[in-house]
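Next come the chains, spelled out residue by residue.
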Amino acid sequence: MQKLLDDSVTYAKSFPKTGAVASYIPELAKADPTRYGAAIALPNGRTLISGDTDVPFTMQSISKVVSLILALQTSGYDAVFKRVGMEPTGDAFNSIIRLETNTAKPSNPMINAGAIVVASCIQCEHPFEAMLQLTRKFCGNDQIELNEAVYLSEKKEGKRNRAMAYFMQSEGILPSDVDVEYYLDQYFRMCSVSVTAPDLARMGMVLANNGVNPVTGERVAEGWQVRIAKTFMVTCGLYDSSGAFAVKVGIPSKSGVGGGILSAVEKRMGIGVFHPMLDAKGNSIGGVRMLEFLSQRMGLHMFSEPETVAG
Ligand code: GLU
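Here the structure is a predicted model, which means the values were calculated and not measured.

Calculation notes
- Residues numbered from 1 in each chain as written.
- Predicted model: local features only at pLDDT ≥ 70, side-chain atom pairs only at ≥ 80, totals over all residues.
- Heavy atoms only, no water.
- Core = buried A, V, L, I, M, F, W, Y, C linked by side-chain atoms within 4.5 Å.
- Buried < 20%, exposed > 50% of the residue type's maximum accessible area, 1.4 Å probe, protein only.
- Helix = DSSP H or I, 4+ residues; strand = E, 2+ residues; numbered from the N terminus.
- Contact = heavy atoms within 4.5 Å.
- Pairing = 2+ DSSP bridges.
- Salt bridge = Lys/Arg side-chain N within 4 Å of Asp/Glu carboxyl O.
- Near = heavy atom within 4 Å.
- Polar contact = N/O pair within 3.5 Å; in protein donor to acceptor, adjacent residues only side chain to side chain.

## Thoughts on the nonpolar core
Phase 1 of the analysis: Ranked by internal contacts, the top residues of the largest apolar core, which has 68 residues, are Val-65, Phe-138 and Leu-207.
Phase 2 of the analysis: At eight residues, helix H10 (residues 197–208) tops the list of elements feeding residues into this core.
Phase 3 of the analysis: In this structure, Phe-138 is in contact with Ile-69, Arg-202, Met-203, Val-206, Leu-207, Val-220 and Ala-221, ignoring residues within four places of it in sequence.
Phase 4 of the analysis: Leu-5, Val-9, Met-269 and Phe-293 belong to the second-largest nonpolar core, a separate cluster that totals 24 residues.

Written out as structure tokens, the structure reads:
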């Protein structure tokens, strides 16, 4: 398996260098486009690593998985899905269009508008602290912290997210008695949590194990919460490439414009990959290549025949 992981990195590097690092958040433009990292976490606690696995990057949209689970934990199913839908959009992650033409209720929790609403559903005194703690538990890493520079950059430049939040408040989707900037601040902070590929691999393993850390036995989230999160990872996890990714790779995954992708192979493993060059949809180019390679070589597609799965 170590050889396959190494080969997946080599495979991803073999393609011509296309795409671009995210620059609409100025701080993200500083990412080094030559970095490729991949990690696999196994149920026995081993984490295999290859490439630039010590390079930190911000979770960005991957944080939407953690915030959704925290919102479900603190507000419950009905309160969350009263305010956010369950359908993929086929639009870009930061698209505004459906908020006015369809309904102001965002289509799902994995797009920006949905995640801002989800942030407003986290019922606790210090929502960001709670989200950080939950991320640390998922990743089995107490050292995970906010990247302050990325957070401040997002907060300064997040005009589109701000526009969506104010619009949703005007339509009664966000509470009118709370300053919208409060929810936006939580959202920007959540996106700016800094992780590595092995952190994402370990989180993927906990998701693959339905919310229980297989090493410590600790339950990080309830099975029903994890099932909902993984379902959205399948239907909406790779922005408006989710359909093609489901056909080609077939592993519940969530990407972020920081260049990371979180993947959970049911019961078997978690995978974390990283490469900051993004395609036109906002997905890590190298990350998708690595996952295509691993899925094919190890038979990890969710509809693979069991006997094709490498041990
Ligand atoms: N913080 C980013 C934004 O709000 C997250 C986008 C992403 O990773 O999809 O635009």
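## Structural notes on the pairing of strand S2 (residues 47–51)
Phase 1 of the analysis: With five bridges joining them, strand S1 (residues 37–41) and S2 adopt antiparallel strand pairing. Along S2, the bridge assignment pairs Gly-37 with Gly-51.

## Description of the pattern of salt bridges
Phase 1 of the analysis: Scanning the entire structure with this criterion turns up 14 salt bridges.
Phase 2 of the analysis: With a closest N to O distance of 3.8 Å, Arg-289 and Glu-292 form a salt bridge. Of the two residues, Arg-289 and Glu-292 are both situated in helix H13 (residues 285–298); the distance of three residues between them amounts to about one turn of the helix.
Phase 3 of the analysis: The class of Arg-289 is partly exposed, set by a relative accessible area of 26%.

## Observations concerning the site of the ligand
Phase 1 of the analysis: By nearness alone, 13 residues border the ligand, and Tyr-24, Gln-60, Ser-61, Glu-154 and Tyr-239 come closest of all.
Phase 2 of the analysis: Separating an oxygen atom of the ligand from a side-chain N or O atom of Ser-61 is a distance of 2.5 Å.
Phase 3 of the analysis: Note that an oxygen atom of the ligand is positioned 2.8 Å from one of the side-chain N or O atoms of Asn-161.

## Structural notes on the sheet that holds strand S3 (residues 57–58)
Phase 1 of the analysis: If you trace the three strands from one edge of the open sheet to the other, you get S3-S5-S4, paired in antiparallel fashion. Looking at the sheet topology across the chains shown, the edges are occupied by S3 and strand S4 (145–146).
Phase 2 of the analysis: When S4 meets strand S5 (residues 193–195), the two strands line up antiparallel, connected through two bridges. The residue bridging Leu-146 from the neighbouring strand is Val-193, located in S5.

## A look at the environment of Pro-43
Phase 1 of the analysis: Its place among the elements puts Pro-43 in the loop between S1 and S2.
Phase 2 of the analysis: Overall, the relative accessible area of 35% leaves Pro-43 in the partly exposed class.
Phase 3 of the analysis: A C-alpha to C-alpha distance of 33 Å links Pro-43 and Val-84, two positions 41 residues apart in sequence.
Phase 4 of the analysis: Look past the residues within four positions of Pro-43 in its chain and what remains in contact with it is Met-205, Pro-214, Val-215, Lys-267 and Arg-268.

## Here's the deal with the environment of Gln-2
Phase 1 of the analysis: For Gln-2, the location among the structural elements is in helix H1 (residues 2–13).
Phase 2 of the analysis: For the pair Gln-2 and Ala-29, spaced 27 residues apart in sequence, the C-alpha separation works out to 31 Å.
Phase 3 of the analysis: Apart from the residues within four sequence positions on either side, Gln-2 is in contact with Leu-48, Ile-49 and Ser-50.

## A few points about the environment of Lys-3
Phase 1 of the analysis: With respect to the helices, strands and loops of the structure, Lys-3 is situated in helix H1.
Phase 2 of the analysis: According to the relative accessible area criterion, Lys-3 is exposed, its value standing at 57%.
Phase 3 of the analysis: Taking C-alpha positions, Lys-3 is 10.0 Å from Leu-48, a pair spaced 45 residues apart along the chain.

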